[in-house]
Amino acid sequence: MYFNSEKMAKTIGRVAEKTPEVDETINGLLVKKAFTYQIMALDDLHVFSQLSTINISQRITIAYTGAFGVLKHRLKQIFESVESLADEESEGPAFHVHERLTVKYESKKHISLHWRSDPISDMVSDSVVALVLNISREIPKVAVESEEATKTEEENNYKAEKVIHALLVSLFGENGKLVISVDGNVAHLDKQSGNVESENESLKERVRVAF
């Protein structure tokens, strides 16, 4: 058998100072005391009960080796309010995100996040942590791609140089050496070793410098 009964909650303290209108929403804390329910303001909690409220401040340190300005720029793309703090307030570079979370520069390898815990601030902190970790993953990837691009460019230049050398030798070479003739003076260039042979010292030096 099921017995349903109506439950009544009484407003006390500051919440009860004004009579609510019909369908008006009341904001407060619902406190169960024995078999009664009371609705009271947060500031009245310690007055009408033995309960009290506390603020939880959280701090987390994250590994980050990128530029602090890059992190701020990326956060501005996501959050509407990202404001810098004066060095006197934060003892170093720092900025506020939606006036709920503070991001501080700790060292070349670390940053820290500071916030007072509540559902919205916790959500903001989770978003910032996710962004920092994402940027940290991109930094080595960019470095590797840059190294690979440089390596590929060097390999392509070397291949092109070999092709050009083979072409020049086939057209203007003797015994695998390039033959350069200027005003009747002849120089033989071995591109593999870089040696230049010529009776004319001036032409010999010019060819060596050119190649």
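Please read these numbers as outputs of a predicted model, since none were measured by experiment. (Residues numbered from 1 in each chain as written. Predicted model: local features only at pLDDT ≥ 70, side-chain atom pairs only at ≥ 80, totals over all residues. Heavy atoms only, no water.)

Draft legend 1. Highlighting the overall build of the protein chain. For the protein chain, the helix and strand inventory stands at 5 helices and 12 strands. Expressed as a percentage of its 211 residues, the buried residues of the protein chain come to 24%. Here the analysis covers contacts within the protein chain between residues at least 6 apart in sequence; of these, 40% occur between residues at least 24 apart. Of the accessible surface of the protein chain, which amounts to about 16,000 Å², a share of 52% is contributed by carbon and sulfur atoms. (Helix = DSSP H or I, 4+ residues; strand = E, 2+ residues; numbered from the N terminus. Buried < 20%, exposed > 50% of the residue type's maximum accessible area, 1.4 Å probe, protein only. Contact = heavy atoms within 4.5 Å. Areas by Shrake-Rupley, 256 points an atom, 1.4 Å probe, with all protein chains shown as cover.)

Draft legend 2. View of the nonpolar core. Ranked by internal contacts, the top residues of the largest apolar core, which has 19 residues, are L71, L75, V103 and V128. Element by element, the count of residues in this core is highest for helix α4 (residues 119-172), at 5 residues. Residues I180, A187, L189 and L203 belong to the second largest nonpolar core, which totals 5 residues. (Core = buried A, V, L, I, M, F, W, Y, C linked by side-chain atoms within 4.5 Å.)

Draft legend 3. Layout of the sheet that holds strand β3 (residues 36-40). With mixed pairing, the 3 strands of this open sheet are ordered in space as β1-β3-β2. In the strand order of this sheet, the two ends are held by β1 (9-11) and β2 (29-33), each with one partner. Strand-to-strand twist across the sheet, computed as the mean angle between neighbouring axes with direction ignored, equals 30 degrees. One ladder, built from 5 bridges, connects β2 with β3; its direction is antiparallel. The partner of L29 across the bridge, within β3, is M40. (Pairing = 2+ DSSP bridges. Axes fitted to C-alpha atoms, helices over the stretch in contact; angles between N-to-C directions.)

Draft legend 4. Here's a closer look at the side chain of K72. Summarising the element assignment, K72 is placed in helix α2 (residues 68-76). One buried charge, K72, has no salt-bridge partner; the nearest side chain with opposite charge is E83, at 6.7 Å. (Lys, Arg positive; Asp, Glu negative; His and termini not counted. Salt bridge = Lys/Arg side-chain N within 4 Å of Asp/Glu carboxyl O.)

Draft legend 5. Summary view of unusual backbone geometry. Positive phi values are uncommon outside glycine, yet D23 reaches one of about 65 degrees. Take D23: it is sitting in the loop between β1 and β2. For E99, which is not a glycine, the phi torsion comes out positive at approximately 55 degrees. Within the element layout of this structure, E99 appears in the loop between β6 (94-97) and β7 (101-105). With relative accessibility at 70%, the residue E99 sits in the exposed group.

Draft legend 6. A look at the sheet that holds β6. The antiparallel open sheet is built from 5 strands, whose spatial order is β4-β8-β7-β6-β5. Each edge of the sheet is formed by a strand with only one pairing partner; in this case those strands are β4 (57-63) and β5 (82-84). Between one strand axis and the next, the sheet turns through 20 degrees on average, direction left out of account. For β7 and strand β8 (residues 110-116), the ladder comprises 5 bridges, and the chain directions are antiparallel.

Taken by themselves, the reported measurements are silent on function.
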